[in-house]
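Residue-level listing of the chains:
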Amino acid sequence: MAFLQPRLFVELGTYWGTSFYSFCQAVKDRELATRCVAIDTWEGDDHTGKYENVVFETVQSIAKKLFPTTDITLLRSYFADAVNDFEDESIDLLHIDGFHTYEAVKNDFTLWFPKLAEDGVVLFHDIADSCDYGSVTYWNELLDKYPGFSFQHSWGLGVLFPKGCKHFDIMKKNNIFDKIWIYEYLSELRLLRIQKEAADERGEKQHALINYQEDQIALLKEQLEATRREIELLNSLLPVRLIKKLGFVKQ
Ligand SMILES: C[S@@+](CC[C@H](N)C(=O)[O-])C[C@H]1O[C@@H](n2cnc3c(N)ncnc32)[C@H](O)[C@@H]1O
């Protein structure tokens with residue numbers, strides 16, 4: 001966002017807004033004049049599962065609260081319907097993150113391609129080689145046809161330049177491929193840190209559970225000991241009570 005400074009940014013597939021807010025945050029931080037449009041039915045698909053209206057309401061209220069001065073439009077629509085609201089060659093940055101089958105991603109790209117501005121950039125989510133989606137196959141097909149590159153961490157992000165390489169050429173001059181390597185390294189490091197923190201947290205919980213169970217065992221041992229003493233006492237009193245009951249002892 002900082003590099004492109006797009007006039008119009010459009011996201012296909014927003015869900016809870018994780019990626020959309022990242023773009024909005026960049027607009028806010030850099031004080032850009034970008035118009036940000038998020039398009040989604042906010043009903044879900046076969047990958048996210050169907051979800052409730054609370055998702056849209058939350059995205060809407062967070063956008064209002066955190067980005068009050070950013071030019072944001074939340075368009076509740078099918079991608080195929082919303083496309084008619086945009087002028088040809090008007091979108092500088094398009095993020096495709098809808099349904100991830102081969103056909104769906106191909107359809108999204110083909111449908112929205114005429115709306116992309118000259119030297120516009122298209123981002124594709126979920127294209128890492130390790131992903132099990134048709135989006136990976138389609139992304140690789142696109143890379144055979146157009147210039148681009150990808151980040152492989154966190155399910156992957158493809159960056160495509162299908163309408164001119166002006167931006168890509170500048171990026172290459174600015175060592176984009178070294179930067180990608182650094183991003184991959186940092187993301188791996190961050191992932192390992194998160195995994196370590198999660199393992200530490202699990203360890204602490206197990207430790208607390210063991211302490212609790214040891215306390216319980218000590219308590220049960222005490223109760224067992226008390227019961228044993230009670231039984232011993234009752235046993236010692238038993239002959240006297242029996243004798244009394246049977247009347248062998250003169251009162
Ligand atoms: C993978 S999620 C989006 C994730 C989001 N970008 C994020 O950062 O978390 C896909 C979203 O696309 C929406 N979607 C899928 N196909 C759609 C279509 N044809 N028209 C409108 N929305 C669609 C779904 O409702 C779902 O919320």
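Heads up: the structure comes first, above all this text.
In short, a report on the structure. As the structure is a prediction and not an experimental result, all values here were calculated from the model.

**Thoughts on the site of the ligand**
For step 1, the next point in the chain: Lining the immediate environment of the ligand, one finds 18 residues, of which Gly13, Ser19, Asp40, Tyr51 and Asp97 sit closest.
For step 2, the next point in the chain: Thr41 is positioned such that a nitrogen or oxygen atom in its backbone is 3.3 Å from a nitrogen atom of the ligand.
For step 3, the next point in the chain: Within the backbone of Phe79, an N or O atom sits 3.1 Å from a nitrogen atom of the ligand.
For step 4, the next point in the chain: Coverage of the ligand by the protein chains reaches 85% of its 600 Å² of free accessible surface.
For step 5, the next point in the chain: Considered class by class, the residues forming the shell around the ligand number five nonpolar, 10 polar and three charged.

**What about the nonpolar core?**
For step 1, the next point in the chain: Within the largest apolar cluster, 30 residues are counted, with the highest numbers of intra-cluster contacts made by Met1, Trp42, Leu93 and Phe149.
For step 2, the next point in the chain: Elements supplying a minimum of two residues to this core: α1 (18–30), β2 (35–40), α2 (54–66), β5 (116–125), β6 (148–151), α6 (166–173) and α7 (176–246).
For step 3, the next point in the chain: With six residues, the top contributor of residues to this core is α1.
For step 4, the next point in the chain: Leave out the neighbours within four places in its chain, and Met1 touches Pro6, Phe9, Phe23, Ala26, Val27, Leu32, Thr34 and Leu93.
For step 5, the next point in the chain: If you look at the next biggest cluster of nonpolar residues, it comprises 24 residues, including Leu94, Trp112, Val122 and Tyr138.

**Some details on the sheet that holds strand β7 (residues 157–160)**
For step 1, the next point in the chain: Strand order in the open sheet formed by seven strands is β3-β2-β1-β4-β5-β7-β6, with mixed pairing between adjacent strands. Two strands in the sheet have a free side with no partner beyond their single neighbour: β3 (71–76) and β6. Between one strand and the next, the sheet's axes are offset by a mean angle of 15°, whatever the strand orientation.
For step 2, the next point in the chain: Relative to β2, strand β1 (residues 8–12) is paired through five bridges, and the arrangement is parallel. Bridged to Val10 within β2 is Val37.

The rules we used
Residues numbered from 1 in each chain as written. Predicted model: local features only at pLDDT ≥ 70, side-chain atom pairs only at ≥ 80, totals over all residues. Heavy atoms only, no water. Near = heavy atom within 4 Å. Polar contact = N/O pair within 3.5 Å; in protein donor to acceptor, adjacent residues only side chain to side chain. Areas by Shrake-Rupley, 256 points an atom, 1.4 Å probe, with all protein chains shown as cover. Nonpolar A, V, L, I, M, F, W, Y, C, P; charged D, E, K, R; others polar. Core = buried A, V, L, I, M, F, W, Y, C linked by side-chain atoms within 4.5 Å. Buried < 20%, exposed > 50% of the residue type's maximum accessible area, 1.4 Å probe, protein only. Helix = DSSP H or I, 4+ residues; strand = E, 2+ residues; numbered from the N terminus. Contact = heavy atoms within 4.5 Å. Pairing = 2+ DSSP bridges. Axes fitted to C-alpha atoms, helices over the stretch in contact; angles between N-to-C directions.

Note that all results are geometric; they support no functional claim without further evidence.
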